[in-house]
Amino acid sequence: MPFDRRTFLAGAGAAVAQRVVSAQRPQVELGAISGSVSQMKWTPAEFLDYLAKVGLRHAMISLSRDVLLDESAVKQVRAHADQLGISLILAHGSVCPSSKSFNAALGTVEEQVAPALRASQIFGAHSMRCVLGSGTERPEIDKHIENMLTAIRGMRSRILDSGVKLAVENHGGDLQARELKALVEAAGRDILGVCLDSANPVWMLEDPHMTLEMLGAYAETSHIRDSAVWRVPEGIAVRWVNTGEGNVDIDGWIKTFLAMRPGVPLIFENLVSRQPRIFNVFDPKFWDNYRKMPAWEFSRFLALAERGKPLPAVPPPPGKDPGRQQCDDLEVCVRHTRELLRTI
């Protein structure tokens, strides 16, 4: 085809338009939660040093009760993060007083949340991650949701005054997406949001893309992790894997998430399952904990499993340090995601 002036101008205009779109799109920033490398037993400063070394700019970090109550210690963590150019967000625990994950010995929900909100303010964060509990709460999940809602409503003024939202994780074992959405709407989006985890849905019989459709608009922060799902004679097997190794289209999930919540960083929570979790979905008693799950939701998860291929765990090399393996796994995920982002 001849290359005339009109063709040149059209091509040049398209290139300029693409550069404008790219310039307007918020830069995608990456981070990790300290639990991804928990076996390293690092101090907060050591964890931050590691993130800086691998080029991550966001840290979701847990602090001991002693540190949370010591503002000078929290400020030291913030100062070290500032030196490294890393933004901080707090990973808090349960805010449901009836959950077995909630440690009542440390005080009431409000007595535990108050210092966490203060630490989050020192961090300069606009949200902090928290949870309801775990799978042990599932048999009486409605009761626990109501108790958590009552506790959060009792802290409304404190949360609003802090400028820090509670970001409830769709945690593995406790809340399904529709339940978490209803909880956020009932408490109010001005004080409650979501820490959206891409892999926990497969522990809750959900297609991660359906979970994203339901909860993406509420996401204040994220946990990024890939999954493999496949059929077994007993029902469905699921396994958490390194990003890019699963079969749930994690790349498509990330692209959709970034379109829904531009500017929200991708925080890796890389937890590789050494063995698959089996859901005996053909046993009627299995459904005692999921009586309210609509058939259309489960059908999407089942379809995902039907398309999946078995992905058995690969044992780590003999004698390899577990912490070093966690670091290697995390760095695999970082590299994969950076390659993906270059295509967007």
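Please read these numbers as outputs of a predicted model, since none were measured by experiment.

## Comments concerning the pattern of salt bridges
Pairing is possible between side chains of opposite charge, provided their charged atoms come close.
Moving on, step 1. Tallied over the entire structure, the rule returns 23 salt bridges.
Moving on, step 2. A salt bridge links R138 to E179, with the shortest nitrogen-to-oxygen separation between them at 2.8 Å. Of this pair, R138 sits in the loop between strand 4 (127–131) and helix 6 (141–154) while E179 is found in helix 8 (residues 177–187), placing the two residues 41 residues apart along the sequence. Side by side, R138 and E179 carry an identical accessibility label, which is buried.
Moving on, step 3. A salt bridge links D207 to R300; its shortest N-O distance comes to 3.7 Å. Remark: R300 occurs in helix 11 (residues 295–307) and D207 occurs in the loop between strand 6 (192–197) and helix 9 (208–215); sequence separation between them is 93 residues.
Moving on, step 4. With relative accessibility at 7%, the residue D207 sits in the buried group.
Moving on, step 5. Classification of R300 by relative accessible area gives partly exposed; the value is 25%.
Moving on, step 6. Each of R138, R178, E179 and E297 takes part in salt bridges that share partners, so that together they form one network.

## So, the sheet that holds strand 5 (residues 165–169)
Moving on, step 1. Sheet architecture is open: 8 strands sit in the order 7-6-5-4-3-2-1-10, paired in parallel fashion. Each edge of the sheet is formed by a strand with only one pairing partner; in this case those strands are strand 7 (219–223) and strand 10 (266–268). Put simply, the sheet's adjacent strands are angled 30° from each other on average, direction ignored.
Moving on, step 2. For strand 1 (residues 30–33) and strand 10, the ladder comprises 3 bridges, and the chain directions are parallel. Paired with L30 across the strands is L266, a residue of strand 10.
Moving on, step 3. With respect to the sheet, helix 5 (residues 109–123) is in contact with strand 2 (58–61), strand 3 (87–94), strand 4 and strand 5, its orientation differing from that of strand 3 by roughly 170°.

## Considering the packing of aromatic side chains
Moving on, step 1. Inspection of the entire model under this criterion finds 9 aromatic pairs.
Moving on, step 2. Geometrically, the ring pair formed by W203 and W240 is stacked, given 4.4 Å between the ring centres and 10° between the ring planes. With W203 in the loop between strand 6 and helix 9 and W240 in strand 9 (residues 235–241), this residue pair connects regions lying 37 residues apart in the sequence. The pair formed by W203 and W240 is uniform in burial state, with each residue classed as buried.
Moving on, step 3. Look at F286 and Y290: their rings are 5.6 Å apart centre to centre, the planes differ by 25°, and that puts the pair in the stacked class.
Moving on, step 4. One aromatic cluster is present, built from ring pairs that chain together F279, F286, W287, Y290, F298 and F301.
Moving on, step 5. Seen from the ring of W240, R225 lies directly overhead, with NZ or CZ sitting 4.1 Å from the centre.
Moving on, step 6. Its end group placed over the ring of W203, R277 keeps NZ or CZ at 3.5 Å from the ring centre.

Parameters and conventions
Residues numbered from 1 in each chain as written. Predicted model: local features only at pLDDT ≥ 70, side-chain atom pairs only at ≥ 80, totals over all residues. Heavy atoms only, no water. Salt bridge = Lys/Arg side-chain N within 4 Å of Asp/Glu carboxyl O. Helix = DSSP H or I, 4+ residues; strand = E, 2+ residues; numbered from the N terminus. Buried < 20%, exposed > 50% of the residue type's maximum accessible area, 1.4 Å probe, protein only. Pairing = 2+ DSSP bridges. Axes fitted to C-alpha atoms, helices over the stretch in contact; angles between N-to-C directions. Contact = heavy atoms within 4.5 Å. Phe/Tyr/Trp six-rings, centres within 6.5 Å; stacked < 30°, edge-to-face > 60°. Lys NZ or Arg CZ within 6 Å of the ring centre and 35° of its normal.

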